[in-house]
Amino acid sequence: MSGDDEYQKVIYELSESIVAAQRPIRILDAIKWDLDVQEQFFKNKCKKLPHVTARYYQEKNPLSFDPLEKIAEFHEIERNIRRKLGQYSGVGSIMQRMCREYTRVVQMLMGRGTARFTEISQELYGSSEDAFHIGAPTLNDLAMLVTNTLSNIKDRVATKADEKIFTSEETVAILMERLAGYFTDAARGPRVELSDGIVADAAAGADRIKIHAGYLFSEREIRVFEIHEGWVHLGTTLNGMAQPVCTFLSKGPPSSTITQEGLAIITEVFTFSSYPKRVKRLTNRITAVNMAEEGANFLDVFNFYREQGLEEIDSYHSTTRVFRGSTPSGGPFTKDLSYSKGFILIYNYIRLAVQRGLVSNIPLLFVGKTTLEDIHIIGDLVDEGIVVPPRYVPPQFQDLAALSAWMCYSLFLNKLDLQRLATDFKAILL
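Note that the structure is predicted; figures quoted are calculated from it, not measured.

Here we look at the packing of helix 6 (residues 90-110) against helix 16 (residues 375-384)
Right, so step 1: The geometry of helix 6 relative to helix 16 is characterised by a closest axis approach of 9 Å and an angle of 135° between their N-to-C directions. Comparing the axis directions of helix 6 and helix 16 gives the class oblique. For helix 6 against helix 16, the interelement crossing comes out left-handed. Residues Gly90, Val91, Ser93 and Ile94 of helix 6 pack against Ile377, Ile378 and Leu381 of helix 16.
Right, so step 2: A breakdown of the residues in the contact of helix 6 with helix 16 according to their chemical character gives 5 nonpolar, 2 polar and no charged.

Set out below in structure tokens:
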């Protein structure tokens, strides 16, 4: 066996040990609330806090693994990485960070129903008050800006594409046909199926998309499912599963969630598939998380969503996303910040990559469940033949000409004072 073969074999074995170790960790399953909580909440006329405590998680959602043993397992894998690849190996640094993140995830799950849960969630996914650089606005500032802007637009851009006329069954059939056309050379086409067990309207798994049964969807919503869940989430999963050596790219810790959700949102934007109600939904999540971080309880956030025009059942599900893993009067689960936070980080990464002539690395965002900070290492691994380039990449990221032109203008437009322009354009905007 050559030295290169031996090197790749070591990476593969270490990678597979991470994949195996993380397999029983299912964050959303471990923090979900069952139907009994929902039924009791509505039985109480939406006036009493749901009864969810730390004991609730232990009894209703016991972990399928021993957390202390799992932590020790990740520590041992991390030590093996350093022993076999060295402390400063690029691919080793990625895998060591993954081990540390999964350790924190286990510790977060151990803290379900306590303040520790939110503390670690903020460490892994961020806080609504985090700044992107010194003096920069926060995610909460973004939410307030978008809310004010959308209030000026309201329903002025609504069309027939916003009408909810497609049943869940019809949505499944439409997505199956569209995704078959996108994943043309996949060994087995992605599956789309109905589900009653998801909080969101749609969710992507390892090889399938789940659509919430019993709902009606619009053409715009179906297009978002196609792009967000299909092109990006399923696409990066399949690209990661196709890796012959770095198999860890098929699985992602929380840091990759921020990049993956941001990538999905930015692809919605670049394909002109997003729309005001979609943006409002995402920024409302920021506001809801911020409210919980500031001390609001389940009823406060529930009433906030009702004020936004959501039906009671939709308000319940949206609020549950904020408090799952915690308690109805505890801090939030901050994962829903990933969408907007990831979008901002990736948009600025692409702008800077274009400015500095590093566009060749942009498609590597789709290579698997990777993170933004690892892209330069992934680029080196592609050059070494250890990572294979992504097979499924949206057209907007395959031919970077138009995207580069967009970003060239974006770099200049960012220098203009919008308030000054508003004054100068006053007569035109009347």
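Right, picking up where we left off after that structure.
Points about a negative patch on the surface
Right, so step 1: Among the surface-exposed residues, Asp4, Asp5, Glu6, Asp380, Asp383 and Glu384 lie close enough to one another that they form a single negatively charged patch.
Right, so step 2: Residue assignment for the negative patch shows that the elements contributing at least two residues are helix 1 (3-22) and helix 16.
Right, so step 3: Turning to its location among the elements, Glu6 is positioned in helix 1.

Side note on the packing of helix 12 (residues 276-293) against helix 13 (residues 298-307)
Right, so step 1: For the pair helix 12 and helix 13, interaxial distance at closest approach is 10 Å and the crossing angle is 155°. As summarised for this structure, helix 12 and helix 13 are arranged roughly antiparallel, according to the angle between their axes. Two packed elements cross with a definite hand, and for helix 12 against helix 13 that hand is right-handed. In this structure, helix 12 contributes Asn284, Arg285, Thr287, Ala288 and Met291 to the contact, and helix 13 contributes Asp300, Val301, Phe304 and Tyr305.
Right, so step 2: Partitioning the contact of helix 12 with helix 13 into residue classes produces 5 nonpolar, 2 polar and 2 charged.

A word on the pattern of salt bridges
Right, so step 1: For the structure on display, the rule yields 23 salt bridges.
Right, so step 2: Of the charged contacts in the structure, one is a salt bridge between Lys9 and Glu13, with a shortest N-O distance of 2.5 Å. Here Lys9 pairs with Glu13, and both are found in helix 1, just 4 residues apart, close to one helical turn.
Right, so step 3: On the basis of relative accessible area, Lys9 is assigned to the partly exposed category, the value being 36%.

Points about unusual backbone geometry
Right, so step 1: Here the phi dihedral of Lys45 falls at roughly 60°; this positive angle occurs in a residue that is not glycine.
Right, so step 2: For Lys45, the position within the fold is in the loop between helix 3 (35-43) and helix 4 (54-60).
Right, so step 3: Here Lys45 falls in the exposed class, since its relative accessible area comes to 62%.
Right, so step 4: Here the phi dihedral of Phe272 falls at roughly 55°; this positive angle occurs in a residue that is not glycine.
Right, so step 5: For Phe272, the location among the structural elements is in the loop between helix 11 (254-270) and helix 12.
Right, so step 6: Given a relative accessible area of 72%, Phe272 falls into the exposed group.

Details of the nonpolar core
Right, so step 1: If you look at the biggest cluster of nonpolar residues, it comprises 61 residues, and the most contacted ones within it are Ile25, Ile27, Met95, Cys246, Ile350 and Phe397.
Right, so step 2: Ranked by residues supplied to this core, first place goes to helix 6 with 10 residues.
Right, so step 3: Beyond its immediate chain neighbours, meaning those up to four positions away, Ile350 contacts Ile266, Phe270, Ile362, Phe397, Leu403 and Met407.
Right, so step 4: In terms of nonpolar packing, the next biggest core, distinct from the first, is built from 19 residues, Phe41, Phe302, Phe304 and Phe323 among them.

A closer look at the packing of aromatic side chains
Right, so step 1: The final tally for this structure, using the stated rule, is 23 aromatic pairs.
Right, so step 2: Members of the aromatic cluster, each reached through a chain of ring pairs, are Trp33, Phe41, Phe42, Phe298, Phe302, Tyr316 and Phe323.
Right, so step 3: Over the ring of Phe65 we find Lys70; its NZ or CZ atom is 6.0 Å from the centre of that ring.
Right, so step 4: Across from the ring centre of Tyr339, 5.0 Å away, lies the NZ or CZ of Arg285, which sits over that ring.

Quick word on the side chain of Thr327
Right, so step 1: The residue Thr327 is located in the loop between helix 14 (312-323) and helix 15 (338-355) in this model.
Right, so step 2: Sequence-distant contacts of Thr327, defined by excluding residues within four places in its chain, comprise Val52, Thr53 and Gly113.

Some thoughts on helix 16
Right, so step 1: What helix 16 keeps buried is the set Ile375, Ile377, Ile378, Gly379 and Leu381.
Right, so step 2: Close packing links the buried residues of helix 16 with helix 6 and helix 15.
Right, so step 3: Looking at the residues trailing helix 16, positive phi occurs at Gly385, about 80°.

Observations regarding helix 6
Right, so step 1: End to end, helix 6 covers 31 Å across 21 residues, agreeing with the expected 30 Å (1.5 Å per residue, within 8%).
Right, so step 2: Within helix 6, 16 of the 21 residues are buried, which leaves it mostly tucked inside the rest of the structure.
Right, so step 3: Capping the start of helix 6 is the job of one residue whose side-chain oxygen sits 3.1 Å from the backbone nitrogen of Gly92: Ser89.

So, the sheet that holds strand 4 (residues 208-212)
Right, so step 1: The sheet built from 3 strands is open, its strands ordered 2-4-3 with mixed pairing. Strand pairing shows two members of the sheet lacking a second neighbour, strand 2 (191-195) and strand 3 (202-204), which therefore form its edges. The sheet shows a mean angle of 25° between the axes of neighbouring strands, direction not considered.
Right, so step 2: Relative to the sheet, helix 9 (residues 168-182) contacts strand 2 and strand 4, its axis offset from that of strand 2 by approximately 165°.
Right, so step 3: Sitting on the sheet, helix 10 (residues 219-241) touches strand 3 and strand 4, and the angle it makes with strand 4 is about 150°.

Calculation notes
- Residues numbered from 1 in each chain as written.
- Predicted model: local features only at pLDDT ≥ 70, side-chain atom pairs only at ≥ 80, totals over all residues.
- Heavy atoms only, no water.
- Axes fitted to C-alpha atoms, helices over the stretch in contact; angles between N-to-C directions.
- Helix = DSSP H or I, 4+ residues; strand = E, 2+ residues; numbered from the N terminus.
- Parallel < 35°, antiparallel > 145°, perpendicular 65-115°, else oblique.
- Left-handed = near helix turned anticlockwise from the far one by under 90°.
- Contact = heavy atoms within 4.5 Å.
- Nonpolar A, V, L, I, M, F, W, Y, C, P; charged D, E, K, R; others polar.
- Patch = residues over 30% accessible without salt bridge, like charges linked within 9 Å, V, L, I, M, F, W, Y side chains within 5 Å.
- Areas by Shrake-Rupley, 256 points an atom, 1.4 Å probe, with all protein chains shown as cover.
- Salt bridge = Lys/Arg side-chain N within 4 Å of Asp/Glu carboxyl O.
- Lys, Arg positive; Asp, Glu negative; His and termini not counted.
- Charge placed at Lys NZ, Arg CZ, Asp CG, Glu CD.
- Buried < 20%, exposed > 50% of the residue type's maximum accessible area, 1.4 Å probe, protein only.
- Core = buried A, V, L, I, M, F, W, Y, C linked by side-chain atoms within 4.5 Å.
- Phe/Tyr/Trp six-rings, centres within 6.5 Å; stacked < 30°, edge-to-face > 60°.
- Lys NZ or Arg CZ within 6 Å of the ring centre and 35° of its normal.
- Expected span 1.5 Å × (residues − 1).
- Polar contact = N/O pair within 3.5 Å; in protein donor to acceptor, adjacent residues only side chain to side chain.
- Pairing = 2+ DSSP bridges.

Function-wise, these values are silent; they only describe arrangement.
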